[in-house]
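Each chain, letter by letter, is given below.
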Amino acid sequence: MLSQISEQIQKGKAKAVKQLVQEAIDAGIPAQQILEEGLIAGMNVIGEKFRNSEVFVPEVLVAARAMNMGAALLKPLLAADGVKAHGRACIGTIQGDLHDIGKNLVKMMLEGKGIEVIDLGTDVAPETFVKTAIEQDCQIICCSALLTTTMPLMADVVKLAEEAGIRGKVKIMVGGAPVTAEFAASIGADAYTDDAASAADQAVAFCS
Ligand code: B1M
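All figures in this text were calculated on a predicted structure; none of them were measured in a lab.

Chemist: How should the packing of helix α5 (residues 101-112) against helix α9 (residues 196-207) be read in this particular structure?
Modeler: A pair of packed helices is captured by two measures, namely the crossing angle of their axes and the spacing between those axes. α9 packs onto α5 with a crossing angle of 45° between their chain directions and a minimal axis gap of 8 Å. Between α5 and α9, the angle is such that the two are oblique. Regarding α5 and α9, the two cross each other, and that crossing is right-handed. On the side of α5, the interface is formed by L105, V106, M109 and L110, while α9 contributes A196, A197, A199, A200 and A203. Among the residues forming the contact of α5 with α9, the class breakdown is nine nonpolar, no polar and no charged.

Chemist: How do you make sense of the pattern of salt bridges when you look at a structure like this?
Modeler: When the charged atoms of two side chains lie near each other, side chains of opposite charge can form a pair. The full count for this structure, using the stated rule, is eight salt bridges. The partner of K131 in a salt bridge is E135, with the nearest N and O atoms 3.6 Å apart. Of this pair, K131 and E135 both sit in helix α6 (residues 126-135), four residues apart, roughly one helical turn. With relative accessibility at 55%, the residue E135 sits in the exposed group.

Chemist: Is there a simple way to explain the side chain of K103 in this structure?
Modeler: If you trace the backbone, K103 turns up in helix α5. K103 sits in the buried class, given a relative accessible area of 3%. One polar contact links K103 to N104, side chain to side chain, over a distance of 2.8 Å. What K103 contacts, discounting residues up to four positions off in sequence, is I91, G92, T93, D119, G121 and S144.

Chemist: Mind showing me how you'd approach the pairing of strand β1 (residues 87-93) here?
Modeler: If a strand is regular, its side chains alternate between the two faces of the sheet. Burial within β1 is extensive, with six of its seven residues counted as buried. In this sheet, strand β2 (residues 115-119) lies alongside β1 in parallel orientation, the contact comprising five bridges. Bridge assignment links A89 to a residue of β2, and that residue is V117. In this fold, β1 hands off to α5, which returns the chain to β2; that crossover is right-handed. As paired strands, β1 and strand β3 (residues 140-144) are joined by five bridges and run parallel to one another. Residue pairing for β3: C90 is matched across the bridge by I141.

Chemist: In this structure, what is going on with the environment of I25? I would like to understand it.
Modeler: One can find I25 in helix α2 (residues 14-26). For I25, the contacting residues outside a window of four places in its chain are I34, L73, L74 and L77.

Chemist: Looking at this model, I keep getting lost on the packing of helix α1 (residues 2-11) against α2. Mind explaining?
Modeler: Orientation of α1 relative to α2, taken along the N-to-C sense of each, is 165°, at an axis distance of 9 Å. Taken together, the axes of α1 and α2 are roughly antiparallel relative to one another. The two elements α1 and α2 meet at a crossing, and its hand is left-handed. Contact residues: α1 offers Q4, I5, Q8 and I9, while α2 offers A16, V17, L20, V21 and A24. Here the contact of α1 with α2 is built from residues that sort into seven nonpolar, two polar and no charged.

Chemist: Help me understand the domain arrangement of the protein in this model?
Modeler: A common way to express how large an interface is: the accessible area buried when the components associate. If you check the domain split of the protein, you get domain 1 (2-80) and domain 2 (87-207). Between the C-alpha centres of domain 1 and domain 2 the distance comes to 25 Å. Domain 1 puts 13 residues into the contact, and the matching count from domain 2 is 13 residues. Carbon and sulfur atoms supply 72% of the area buried between domain 1 and domain 2, which totals about 1,100 Å² over both sides. Counting the contacts that link domain 1 with domain 2 gives one salt bridge.

Chemist: I keep staring at the site of the ligand and nothing clicks. Help me out?
Modeler: Lining the immediate surroundings of the ligand are 27 residues, of which L98, H99, D100, S144 and T148 lie closest. At 2.9 Å from an oxygen atom of the ligand is found a main-chain nitrogen or oxygen belonging to T148. A distance of 3.3 Å is found between an oxygen atom of the ligand and a backbone nitrogen or oxygen belonging to A177. Those elements giving two or more residues to the shell around the ligand turn out to be α5, β3, β4 (171-175) and α9. It is α5 that contributes the most residues to the shell around the ligand, four residues altogether. Residue classes in the shell around the ligand are distributed as 15 nonpolar, eight polar and four charged.

The rules we used
Residues numbered from 1 in each chain as written. Predicted model: local features only at pLDDT ≥ 70, side-chain atom pairs only at ≥ 80, totals over all residues. Heavy atoms only, no water. Axes fitted to C-alpha atoms, helices over the stretch in contact; angles between N-to-C directions. Helix = DSSP H or I, 4+ residues; strand = E, 2+ residues; numbered from the N terminus. Parallel < 35°, antiparallel > 145°, perpendicular 65-115°, else oblique. Left-handed = near helix turned anticlockwise from the far one by under 90°. Contact = heavy atoms within 4.5 Å. Nonpolar A, V, L, I, M, F, W, Y, C, P; charged D, E, K, R; others polar. Salt bridge = Lys/Arg side-chain N within 4 Å of Asp/Glu carboxyl O. Buried < 20%, exposed > 50% of the residue type's maximum accessible area, 1.4 Å probe, protein only. Polar contact = N/O pair within 3.5 Å; in protein donor to acceptor, adjacent residues only side chain to side chain. Pairing = 2+ DSSP bridges. Right-handed = clockwise from strand over helix to strand, strands pointing away. Domains from an automatic or database assignment. Buried area = accessible area lost by both parts, 1.4 Å probe. Near = heavy atom within 4 Å.

The following block contains the structure:
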């Protein structure tokens, strides 16, 4: 049943996923196991294929939608079981930038890895990233930028996090088409990844 869930996730069949997840719950399979061996397993395959250019943005989006349908059924059970998320991140596109397709993909991949994500949306001020990380106790701040004119503002996120004294407990990840590893290093960010699947792997590594 769990491998069927994984397969239907990969095919992006939201209705089938929802039905199978309900059947798995009714069969008494623990919610955590359904999440990890069904939903997340399916998204892991999609993430890997996306990284290898075997599938593209539309396939990832439908798979993520299917995963969200299944996850919605599990959420109350996981909360009741006291199952903790693997970690918490806040994510947003940096101030002045309205591109959100890549940011949304990163969010979905992180969620697919069991990380709770607070989505701040687009055009997010550096102060908002830092304030959210403090108030919501995030381990990771994720900043996305698609414009060469907005990416320098990511440096302000790092600076403000330092000033707020949270640099020791919050990792800052950056990405987006114009961003490079050299740029990330130059502003003192903790990680740059060039695609959503690698971002999720990096986030898991930080949380563990
Ligand atoms: Co705009 N746009 N756009 N645009 N747009 C680009 C980025 C541009 C390269 C097009 C071009 O000129 N060739 C160019 C930027 C040039 C530059 O800065 N050097 C550009 C421009 C100039 C503009 C406007 C200024 C145009 C104008 O109005 N004159 C304007 C800016 C508005 C604003 O933001 N203030 C604008 C507007 C728009 C639309 C609204 C029309 C639309 C955005 C819709 C939306 O996002 N909801 C749009 C689009 C769609 C694009 C292109 C065509 C596609 C971007 C995209 O979604 N790619 C883009 C050209 C291009 O890239 N071919 C372009 C797909 C997405 C999956 O990739 O976001 O790179 P990406 O995300 C990847 C990775 O980068 C990574 O993971 C993702 C998947 O693996 N990643 C991360 C992303 N964030 C990450 C964070 C991480 C880690 C990895 O860690 C935290």
